[in-house]
Amino acid sequence: MALLPRLDMALSLGFHIVFASIGMTMPLLMVLAEHRWRRTGEKQALELSRAWAKGTAVLFAVGAVSGTVLAFELGLLFPKFMEKAGPVIGLPFALEGVAFFTEAVFLGLYLYAWDRLKPAAHLAAGWIVALSGLMSAVFVTLANAWMQTPVGFSLADGGFTDVNPLEALLPPSAGHEVPHGVLASYAAVATMVAALHAWRLLKEPGSKFHRLALKIAVLVALPANLVQPVLGHRSGMEIARLQPIKLAALEGHFENQTGAPLLLGGWPDYEREETRFALPVPKLLSWLATGSTEGLVVGLKGFDRELWPPRLARFAFQLMILFGTALVLGYGWLLVDWIRTKRLAGSPKLLKALVVMGPMGVLALEAGWIAAEVGRQPWIIYNVMRTEEAVSDRPLLLSLVLFGLIYLLLGFVVTKLIAHYVRRGPRILKETDGNH
Amino acid sequence: MEITDALALFLLGALVLYLVLGIADFGGGILNGLSSGKTAGAQRKLIQSAIAPIWEANHVWLILALVLLFVAFPVAFRVLSESLHLPLELMLIGIVLRGSAFVFRQYGTGEEHGLWERIFSVASFTTPFFLGLAMGALTSGTLRVSSGTSYLGWLDWFPFSVGVLTTAAGTYLAAVYLTVEAKEVELRKAFILRAYWAAGVLVVAAVASAVLVPSTAGVFQDRFLRFWFIPAAAGVALGASLAALRLRTTKLARVFAVAAVASLVIGWGAAQYPYLIAPDVTIDSAAAPEATLRPLFGALVLGSLLVLPSLVWLMVVFKRRD
């Protein structure tokens, strides 16, 4: 039964991706803060850079160990997949390892050698951390893109031959999946950081520290949230082309149709082969998927019943769009207000909106990935290998429970710790400086 | 030399580096748990400052070994993932808890400092132990490819003994490294004392392992004896390391300690050859097609040229005596 390994992996990935996204985005924010300090000499800029760096250190560590779990779980949960696919997609994983190592080395230098490095060297170290974080995300997403649209090998006697790792490194879906997936991480984290500092500004309106923090976070969150839907639209079109059954499942679309309507909400009924109680927007799905209002959209009924992805894919997809839309509206409002009043989030109403939007980025990130992965089922390698052929026969319930408890514990502790850090603001530096 | 052998050598190299760097970090955690005496607080403080900048980066050797395994020797990767499922999971749990506890205690609010301290110390024992256990198991010839067998092929005296050996080796290395970093005489003496104890456990575990090699390990024992000069060199290096500690030439002790552990692992590798998992999986039988191996080898060489200098720089920045 493939369910337990899938749940196990989903748990580890769902946990890790939050911390990995933090490991990509926070270095960017802390370097921007440091640049500001070097330029203006403002006390709060230095405090902010150092406080963000401390928070990053803790969260990066949790990301590092949860990433190690994933590396092992590839084999522990899907040994037959790794046996066949390992040699084909080893390259992006190896490159991710190099990127992670570079990030870890330079983060160590950034955090602990602040006094030993010249300013330019310290800033450079910070930029290298940010860049390697980005590269890690790119490589890991490339590996996933290969699972969605596998290339770079031939199938013979149930094995992979003529392996071409370089071709496998840049699969067809990479062009849409990598930008959309990577930007999602930046958006999620920057939105959350903005929310945390907006929260403090509601309590301490005069705090220059939190004002600057908000500004830098919004600098990343604003463009990220506004551009994401554009990339998402592109992803939709590409998925319609490369993985039509996935699109059909995500859209709850059953019939082959030209001029197909976009279905909002509703309940996909796999027995009756229709999505019930949905709100149809005429012609919109055809336009979104093909660029033409009369374009053909293939429905689920055009495929074998046993290949239909689980309905969870659609629910996750709709959630992602819901949150993504809310973020566009909220941040769009923020932008308009900023231009009009020349002040960023000057009113408590806007600050509250920022706080409310905080979790939405992370929720959209998780929902989007669930849609991507569940939408790929029943395949682990799309159209090549089924998930159930790939899994371990080992009893896994205990691992699931055990790791679930560990992640719960870590999540709880981290939340408490970060809440404490944000609440204390710049004072956290004096309070924890003995420990570095 | 065949490309498969070259890659197996890379794998061995990754393992050696993980042991002398990453597992030594775990050794630090063990010493943290064993800190006692007048200098106990100073011991813990030194351990923390020594490990903090490098412990995450040192994961890379483990990841490298893993990636090498599943790219170059995927059959072995599958067999190990299945037959060593439980020890590998326990090793993972140690990694997760050790790392998290370490940062929570360093950056925490101070409330549950004691709890994280304990978790850090205890978790530090588990990873070296289960790594050693896994290595012992794949030598012992009890991990068979034909399934339907129990997942408990690793539950035996020999793997257990190798687990203890690995834990002791990590502790010994950490103790010696810390003698170099310790600035006060009393602190240095405390770590030298711990190094002696760890070396004692190491030697006992090594001898026990040699005695406990099961008959199912096949030719391992013969090959180990044939290459006797390698473990002998390890023994000599260990002796030299201990002598250097006695003479308070701690940097020399560090060099010999690393040499001792490295030699032991190399000796093990030489004796294991050509098996990855005795007796069913060899380097050749597990290998991926040549079309994969060649670019991988190239990537490894290139990667080493990029990665090793960064690591050296990191070490130099933090380990150079001010």
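Higher on the page you've got the structure.
Residues numbered from 1 in each chain as written. Chains lettered and ligands numbered in written order. Predicted model: local features only at pLDDT ≥ 70, side-chain atom pairs only at ≥ 80, totals over all residues. Heavy atoms only, no water.

Observations concerning the overall build of chain A
Alright, step 1. For chain A, the count of helices and strands is 14 helices and 10 strands.
Alright, step 2. Here the C-alpha radius of gyration of chain A, 23 Å, is about what a compact globule of 436 residues would show, namely 22 Å.
Alright, step 3. Here chain A, with 436 residues, has 58% of them falling under the buried criterion.
Alright, step 4. Considering only contacts within chain A whose residues lie at least 6 apart along the sequence, 76% involve residues at least 24 apart.
Alright, step 5. About 17,500 Å² of surface is accessible on chain A, with carbon and sulfur atoms providing 67% of the total.
Alright, step 6. Charge separation in chain A, taken as the distance between the mean sites of 39 positive and 32 negative side-chain charges, equals 15 Å. (Helix = DSSP H or I, 4+ residues; strand = E, 2+ residues; numbered from the N terminus. Rg over C-alpha atoms; globule rule 2.2 N^0.38 Å. Buried < 20%, exposed > 50% of the residue type's maximum accessible area, 1.4 Å probe, protein only. Contact = heavy atoms within 4.5 Å. Areas by Shrake-Rupley, 256 points an atom, 1.4 Å probe, with all protein chains shown as cover. Lys, Arg positive; Asp, Glu negative; His and termini not counted. Charge placed at Lys NZ, Arg CZ, Asp CG, Glu CD.)

Here's the deal with the environment of Gly90(A)
Alright, step 1. With respect to the helices, strands and loops of the structure, Gly90(A) is situated in helix H3 (residues 79-112).
Alright, step 2. Considering only alpha carbons, one finds Gly90(A) and Asp269(A), 179 residues apart in sequence, at a separation of 39 Å.
Alright, step 3. Ignoring any residue separated from it by four or fewer positions in sequence, one finds Gly90(A) in contact with Val67(B), Phe70(B) and Val71(B).

A short note on the pattern of salt bridges
Alright, step 1. Under the definition given, this model contains 19 salt bridges over all chains.
Alright, step 2. Asp269(A) is the partner of Arg276(A) in a salt bridge, and the nearest nitrogen-oxygen pair spans 3.6 Å.
Alright, step 3. If you follow the salt bridges from partner to partner, you end up with Glu83(A), Arg78(B) and Glu82(B) in one network. (Salt bridge = Lys/Arg side-chain N within 4 Å of Asp/Glu carboxyl O.)

So, the side chain of Ser173(A)
Alright, step 1. Residue placement: Ser173(A) occurs in the loop between helix H5 (165-169) and helix H6 (174-203).
Alright, step 2. Judged by relative accessible area, which is 1%, Ser173(A) ranks as buried.

So, the nonpolar core
Alright, step 1. Grouped together as the largest cluster of nonpolar side chains are 234 residues, with contacts concentrated most on Trp52(A), Phe81(A), Trp146(A), Leu214(A), Phe73(B), Phe104(B) and Tyr172(B).
Alright, step 2. Per-element tally for this core: the top contributor is helix H2 (residues 43-77) of chain A, with 20 residues.
Alright, step 3. When neighbours within four sequence positions are excluded, Trp146(A) is seen to be in contact with Phe81(A), Ala85(A), Val88(A), Ile89(A), Val151(A), Phe153(A), Phe160(A), Ala168(A), Pro171(A) and Ile381(A).
Alright, step 4. Among the nonpolar cores identified, the runner-up in size contains 10 residues, and Ile245(A), Tyr270(A), Leu300(A) and Leu307(A) belong to it. (Core = buried A, V, L, I, M, F, W, Y, C linked by side-chain atoms within 4.5 Å.)

Notes on the environment of Ala174(B)
Residues and elements named next belong to chain B.
Alright, step 1. Inspection of the secondary structure puts Ala-174 in helix H7 (residues 157-181).
Alright, step 2. Distance in space between the C-alpha atoms of Ala-174 and Leu-300 is 28 Å, their sequence separation being 126 residues.
Alright, step 3. Not counting residues up to four positions away in its chain, the partners in contact with Ala-174 are Ala-24, Gly-27, Gly-28 and Leu-31.

Side note on the layout of surface pockets
Residue and element names in this part refer to chain A.
Alright, step 1. Considered as a void within the structure, the second largest pocket measures approximately 1,100 Å³ in volume.
Alright, step 2. In terms of lining, the second largest pocket is formed by 43 residues, of which the most central are His-180, Gly-232, Phe-317, Met-320 and Ile-321.
Alright, step 3. Broken down by secondary-structure element, the contributors of at least two residues to the lining of the second largest pocket are H6, helix H7 (208-242), helix H8 (244-251), strand E4 (262-264), helix H9 (284-290), helix H10 (312-341) and helix H11 (348-374).
Alright, step 4. At nine residues, the largest contribution of residues to the lining of the second largest pocket is made by H10.
Alright, step 5. Residues that form the lining of the second largest pocket fall into these classes: 24 nonpolar, 16 polar and three charged. (1 Å grid on protein atoms, 1.4 Å probe; cavity = no way out; pocket = protein on both sides within 12 Å on 5 of 7 lines; lining within 4 Å. Points joined across faces, edges and corners; volume = space filled by probe spheres on them. Nonpolar A, V, L, I, M, F, W, Y, C, P; charged D, E, K, R; others polar.)

Some words on the packing of aromatic side chains
Alright, step 1. Applying the stated criterion across every chain yields a total of 25 aromatic pairs over all chains.
Alright, step 2. Judged by centre distance (4.8 Å) and plane angle (45 degrees), the ring pair of Phe15(A) and Phe19(A) falls under tilted. A residue pair is termed a helical-turn pair when its members lie 3 or 4 positions apart in one helix, as Phe15(A) and Phe19(A) do in helix H1 (residues 3-40) at four residues.
Alright, step 3. Ring geometry for Phe403(A) against Tyr407(A): centres 6.1 Å apart, planes inclined by 45 degrees, an arrangement best described as tilted. Here Phe403(A) pairs with Tyr407(A), and both are found in helix H13 (residues 397-424), just four residues apart, close to one helical turn.
Alright, step 4. Residue Tyr407(A) is classed as buried on the basis of its relative accessible area of 5%.
Alright, step 5. An aromatic cluster is defined as three or more aromatic residues linked by ring pairs; in this entry it consists of Phe15(A), Phe19(A), Phe403(A) and Tyr407(A).
Alright, step 6. In this arrangement the basic side chain of Arg200(A) is found over the ring face of Trp199(A), its NZ or CZ atom lying 4.9 Å from the centre.
Alright, step 7. Lying over the aromatic face of Phe26(B), Arg98(B) brings its terminal NZ or CZ to 3.8 Å of the ring centre. (Phe/Tyr/Trp six-rings, centres within 6.5 Å; stacked < 30°, edge-to-face > 60°. Lys NZ or Arg CZ within 6 Å of the ring centre and 35° of its normal.)

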